[in-house]
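Next come the chains, spelled out residue by residue.
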Amino acid sequence: ASLALSGKEKDDLDQAPTRFDSFKIYNPTFSSIIQVDTPFKQSKLTIYTLNGKQLLSQKLAQESSQLDVSDISTGMYIATVSDGIHQLKTKFLIR
């Protein structure tokens, strides 16, 4: 027997968030502190310039962390987070 999905059910499944959708970096108060939310309990965060130069590498011990980025100039950056198996990447802005 096979399982058939109606269009609505299939669309709902396609739109269902995964745990990997929860990687976010933002600067909530426009200060030198950024908020990092990852789907991993323990991970490594790396921040790069848009040209690929590594600026910061930091181990994170929880899913939600705050980091001081006062040594990094304002601008657009690329961040990766890895738990050793999975790696996620996003762009973010430091203001």
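Anything mentioned here points back to the structure above.
The rules behind each value
Residues numbered from 1 in each chain as written. Predicted model: local features only at pLDDT ≥ 70, side-chain atom pairs only at ≥ 80, totals over all residues. Heavy atoms only, no water. Core = buried A, V, L, I, M, F, W, Y, C linked by side-chain atoms within 4.5 Å. Buried < 20%, exposed > 50% of the residue type's maximum accessible area, 1.4 Å probe, protein only. Helix = DSSP H or I, 4+ residues; strand = E, 2+ residues; numbered from the N terminus. Contact = heavy atoms within 4.5 Å. Pairing = 2+ DSSP bridges. Axes fitted to C-alpha atoms, helices over the stretch in contact; angles between N-to-C directions.

Participant: Help me get a handle on the nonpolar core, residues and values and all.
Facilitator: Generally speaking, a soluble globular protein has its nonpolar side chains buried in company with each other. Within the largest apolar cluster, 17 residues are counted, with the highest numbers of intra-cluster contacts made by F23, I25, I34, V36, L45 and F92. Counting only elements with at least two residues in this core, the list comes to β2 (33–37), β3 (43–48), β6 (75–82) and β7 (87–94). In contact with I34, not counting residues within four places along its chain, are I25, Y26, N27, I47, S65, Q66, L67, V69, F92 and I94.

Participant: Break down the sheet that holds strand β1 (residues 24–26) for me, with residues and values.
Facilitator: The three strands are arranged β1-β2-β5 in an open sheet whose pairing can be described as antiparallel. The open sheet is flanked by β1 and β5 (64–68), the only strands paired with a single partner. The mean angle between the axes of side-by-side strands here comes to 20°, regardless of whether they run parallel or antiparallel. Pairing between β1 and β2: three bridges, direction antiparallel. Along β2, the bridge assignment pairs K24 with D37.

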